[in-house]
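# Reading the structure
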Amino acid sequence: MQIQFLGTGAGMPSKQRNTSALALKLLEERGSFWLFDCGEATQHRMLHTTLKPRKLDKIFITHLHGDHIFGLPGMLGSRGFLGGSGRLDLYGPKGLQEWIEVTLRISRTHLNYELAVHEVEAGTIFEDDSFTVRALPLDHVMPCFGYRIEQKPLPGKLLVDLAIEAGVPKGPLLRELKEGRDVALEDGTVIRSREVTGQPQPGFTVAILGDTRFTYNAVDLSRDADIVIHEATFDKESAHLAGPYGHSTITDAAKTAREAGARSLIANHISARFLPEDAGHLAAEAEEIFPQVAIAEDLAEYEWKNGMLRRINP
Ligand SMILES: [Zn+2]
Ligand SMILES: [Zn+2]
């Protein structure tokens, strides 16, 4: 799994930071990627990455402020032109469906694929064999959601020698066992997957939070998460602005990660008042409370592998 930030700014684009969007890359896990928020010009940012819009199959919107959704109609239109023919699921707060329908109708944008819009409420909003996504409301100046993406445990390694010893012939049955399914041999013997595989491997958990003041729902979504992605519009000096505008300071973000017992924090939605060279100052304020912190930059890509978060591009 990799996470690539497409826009890390707050409110308006600046030369350094575009408005909000990030890609959760699940190419190895499911052959696709998911987008969280889609600020204006997200598709332009994507042109500087290896992301292919046709591989985008879910978009999650935290809230309906322009800096989080104004890139959506263009992205939906381009996806079709770029070969995306599979269904796209779009999740977000109430009002999203109406906005999309009106925008697409008036601009006569005809999508050549199925678009399913899901207006979310608190609770599990998606679940399949390998992933669960849960949403909870946050505390912003309009309805806003945070999302918790949880990968289910992966089947343990197949112990091939053990399986063959038990009489499983080489071939497709081994694959069945490897993927966690029990099989019956020709003589009727049933071989249980768990008898011939190692310990299941834990999946990863990422919390991707929208614009918010400090709130315990964000802590709840971030509980024991491997990675928390939290907005940090302000620092200590500008903290008096956080409450009135419904935002967090870098200290609030760090507090959320610490209270949740999370393993790492990446701060995004950074005000244009901070220049790229201020990242160290923001990180230092966070580190007083929570040590594993990174300040996101546009196009920065991180990988979660073997329980470690590391940046994989310069
Ligand atoms: Zn915002
Ligand atoms: Zn907002």
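Our subject is the structure listed above.
### Description of the overall build of the protein chain
Tallying secondary structure elements over the protein chain gives eleven helices and 17 strands in all. Against the globule reference of 20 Å for 314 residues, the protein chain gives a C-alpha radius of gyration of 21 Å, in line with a compact fold. Taking the principal axes of the C-alpha coordinates as reference, the protein chain spans close to 70 × 50 × 35 Å. In the protein chain, which comprises 314 residues, the share counted as buried stands at 51%. Considering only contacts within the protein chain whose residues lie at least 6 apart along the sequence, 63% involve residues at least 24 apart. Accessible surface, the protein chain as shown: approximately 14,900 Å² in total, 51% of it carbon and sulfur. The positive charge centre, built from 34 side chains, and the negative charge centre, built from 43, are 3 Å apart in the protein chain.

### As for the sheet that holds strand 13 (residues 227-231)
Working definition: the strands of a sheet are paired by backbone hydrogen bonds and lie parallel or antiparallel to each other. One open sheet holds the seven strands; their spatial order is 7-8-9-12-13-14-15, and the pairing between them is mixed. Each end of this open sheet is capped by a strand with a single partner; those strands are strand 7 (123-127) and strand 15 (293-295). Strand-to-strand twist in this sheet, taken as the mean axis angle between neighbours without regard to direction, amounts to 20 degrees. Strand direction decides the pairing type here: strand 8 (residues 131-137) and strand 9 (residues 145-151), joined by seven bridges, are antiparallel.

### Topic: helix 11 (residues 279-287)
Leu 282, Ala 283, Glu 285 and Ala 286 are the residues of helix 11 that are buried. Angularly, the buried residues of helix 11 cover 160 degrees about the axis, an arc narrow enough to put them on a single face.

### Side note on empty space enclosed by the protein
Taken as a whole, this structure holds two cavities of 30 Å³ or more when the rule is applied. Estimated volume of the largest cavity: approximately 120 Å³. Along its surface, the largest cavity is lined by 16 residues, and Ser 20, Leu 22, Asp 37, Leu 209 and Asn 268 are the ones closest to its centre. Secondary structure elements with two or more residues in the lining of the largest cavity: strand 1 (2-7) and strand 2 (21-26). Here the second largest cavity defines a volume of roughly 30 Å³. Taken together, Gly 9, Ala 10, Met 12, Ser 14, Arg 17, Ile 270, Ser 271 and Ala 272 form the lining of the second largest cavity. Here the residues of the lining of the second largest cavity sort into four nonpolar, three polar and one charged.

### As for the sheet that holds strand 17 (residues 308-311)
Strand order in the open sheet made by the eight strands is 6-5-4-3-2-1-16-17, with mixed pairing throughout. Edge positions in the sheet fall to strand 6 (115-119) and strand 17, since each has one partner strand and no second. Averaged over all pairs of adjacent strands, the angle between strand axes in this sheet comes to 20 degrees, irrespective of strand direction. Sitting on the sheet, helix 5 (residues 96-106) is in contact with strand 5 (88-92) and strand 6, with an inclination near 145 degrees to strand 6.

Rules behind the numbers
Counting of residues starts from 1 at the beginning of each chain's written sequence and follows it residue by residue. Going through the entries in the order they are written, you letter the chains from A and number the ligands from 1. In keeping with the model being predicted, local features are shown solely for residues with a pLDDT of at least 70 and side-chain atom pairs are shown and tallied solely at 80 or more, while totals for entire chains, interfaces and linings include all residues. As a rule here, side-chain values come from all non-hydrogen atoms in the structure, and water together with hydrogens is ignored. Secondary structure counts use DSSP, requiring at least four H or I residues in a row for a helix and at least two E residues in a row for a strand, with both numbered from the N terminus. The reference for a compact globule is 2.2 Å times residues^0.38; the radius of gyration itself is calculated from the C-alpha atoms. When accessible area is computed with a 1.4 Å probe and restricted to protein chains, residues below 20% of their type maximum are described as buried, those above 50% as exposed, and intermediate ones as partly exposed. Between two residues, a contact is recorded if the distance between any of their heavy atoms is within 4.5 Å. Note on areas: Shrake-Rupley, 1.4 Å probe, and residue coverage restricted to the protein chains presented here. Positive charge is attributed to Lys and Arg, negative charge to Asp and Glu, and no charge count is given to His or to the chain ends. Taken as the charge location is NZ of Lys, CZ of Arg, CG of Asp or CD of Glu. Two strands form a pair only when DSSP identifies at least two bridges running between them. Lines are fitted to the C-alpha atoms to define the axes, a helix being fitted only along its stretch in contact, and any angle between axes, read from their N-to-C directions, falls within 0 to 180 degrees. The arc in question is the one traced by the directions running from the helix axis out to the C-beta atoms. A 1.4 Å probe that fits but cannot get out identifies a cavity on a 1 Å grid over protein atoms alone, an open set with protein on both sides within 12 Å along at least five of seven lines counts as a pocket, and a residue lines either if it has an atom within 4 Å of a point. Grid points are joined across faces, edges and corners, and a volume is the space filled by probe spheres set on the points. Polarity classes work like this: nonpolar for Ala, Val, Leu, Ile, Met, Phe, Trp, Tyr, Cys and Pro, charged for Asp, Glu, Lys and Arg, and polar for all others, with Gly in that last group.

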